[in-house]
Amino acid sequence: MTSKQRIKHISKWIRSYATKHKISTLVVGISGGIDSSVVSALCAETGLTTIVVQMPIRQNKTLNNRSSMQAGWLLERYKNVTHMSMDLTKVFSAFEKDLVPYCRENEDEARVDLAFANSRARLRMMTLYQIAQSHGGIVVGTGNKVEDFGVGFYTKYGDGGVDISPIGDCLKTQVWDMGREFGLPQEIIDAAPTDGLWTDGRTDEDQLGMSYPELEQAMANDVLERHDVYNTLPIELGKEERAHLRKYRAIRARNMHKMLPIPVCKLEN
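Residues numbered from 1 in each chain as written. Predicted model: local features only at pLDDT ≥ 70, side-chain atom pairs only at ≥ 80, totals over all residues. Heavy atoms only, no water.

Visitor: I keep staring at the overall build of the protein and nothing clicks. Help me out?
Guide: The helix and strand tally for the protein stands at eleven helices and four strands. Its C-alpha atoms give the protein a radius of gyration of 20 Å, within 12% of the compact-globule value 18 Å for 269 residues. With respect to the principal axes defined by its C-alpha atoms, the protein has extents near 55 × 55 × 55 Å. Split into buried and exposed, the 269 residues of the protein put 45% on the buried side. A fraction of 76% describes how many contacts in the protein between residues 6 or more apart in sequence connect residues 24 or more apart. Accessible area of the protein: about 15000 Å², with a carbon and sulfur share of 53%. Taken as two groups, the 34 positive and 34 negative side-chain charges of the protein have centres that lie 5 Å from each other. (Helix = DSSP H or I, 4+ residues; strand = E, 2+ residues; numbered from the N terminus. Rg over C-alpha atoms; globule rule 2.2 N^0.38 Å. Buried < 20%, exposed > 50% of the residue type's maximum accessible area, 1.4 Å probe, protein only. Contact = heavy atoms within 4.5 Å. Areas by Shrake-Rupley, 256 points an atom, 1.4 Å probe, with all protein chains shown as cover. Lys, Arg positive; Asp, Glu negative; His and termini not counted. Charge placed at Lys NZ, Arg CZ, Asp CG, Glu CD.)

Visitor: Explain the packing of helix H2 (residues 34–45) against helix H3 (residues 61–77) here, please?
Guide: Packed helix pairs are characterised by how far apart their axes lie and by the angle those axes make with each other. Two elements in contact, H2 and H3, have axes whose closest approach is 11 Å; the angle formed by their N-to-C orientations is 20 degrees. The angle between the axes of H2 and H3 places the two elements in the roughly parallel class. Crossing of H2 against H3: the hand is right-handed. Counted together, Ser37, Ser40, Ala41 and Ala44 of H2 and Gln70, Trp73 and Leu74 of H3 form the full contact between these two elements. Classifying every residue of the contact of H2 with H3 gives four nonpolar, three polar and no charged. (Axes fitted to C-alpha atoms, helices over the stretch in contact; angles between N-to-C directions. Parallel < 35°, antiparallel > 145°, perpendicular 65-115°, else oblique. Left-handed = near helix turned anticlockwise from the far one by under 90°. Nonpolar A, V, L, I, M, F, W, Y, C, P; charged D, E, K, R; others polar.)

Visitor: How should the side chain of Ser36 be read in this particular structure?
Guide: Residue placement: Ser36 occurs in helix H2. A relative accessible area of 3% means that Ser36 is categorised as buried. Only 3.1 Å separates the side chain of Ser36 from the backbone nitrogen of Ser31, close enough to count as a polar contact. Setting aside its immediate chain neighbours within four residues, Ser36 contacts Val28, Gly29, Ile30, Ser31 and Thr142. (Polar contact = N/O pair within 3.5 Å; in protein donor to acceptor, adjacent residues only side chain to side chain.)

If you want it as C-alpha cells, here you go:
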C-alpha cells in the first residue's frame, strides 16, 4: 500500500466508524510531532468537524511552536478544522504542589519524576475528553504500531486513553511517509520524536535507547522468531541486531501490562 492509498484508507475508516456510531466531531491533541500531525490531517480529510487541541505544560518553546505550526497548516487547508489552545501549566503546578509532600519523602527521585511526567499525559487526556464529550465527539489516538503495540511507549490512561487508534497499525516510518505525502512542514517531519513530557527536552530515542528504524527491525525479527516454531526459517542475526532484539524484548516485557486487558478476578460458579 502506498502512502497515498494508506491516507485514503485510514481517512475512510475514521469516517465510517464515526458514521456508524453517529459521531460528528473528532478531537485530537497536537504536540508538533509527526504522529499527531499526521492523525490530525487524517481526521481533517474526513470532512467531519475536527478539533485540534494544544495543551502545553511547561512546554519547550520549540515544541509549542511546532504544534502552532501544525494548527496553522491545518487551518489554511481545511474549513472543518477548529483550533483550541490552553496552557495547563497552572493546573499541573497546583496538582504537583499538593502531591509533592506525599511523593518525595523517602522515594526514588527518578521514579517520582516519571510519575509526574505521566501525570502530565493524564491531565491532557482529561482535557481532551472534557472537550470531546462537551461537543458530542470522540478522542482520536495518535499512537503508532511501534509505540503502542510494540514497546508500549505511552502513558497508561494518558495518551493511551483514546476512543479510536487510526495509525495503530502503521510503523513509524510509514507515518513519516504519510507526513511527506500530506506535505507537512519539513520542520515537523525532521524533528526528533519526543513525548514532550520532560522539561529537559529528552527524545524518544534518549528514553528507549533505540531509534525507530532499529525498533522496527527488532519487531520484525521478534515476530519471525516467535512464529517459526519449527525452525524452518532460521534467522541469522548479527551481534548488533541480536542486542537490539534483546533490548526490544526487555522494553516490551516491562510494558506489557499496558497492552493486555485489565486482569479480572473471576468468581467460581
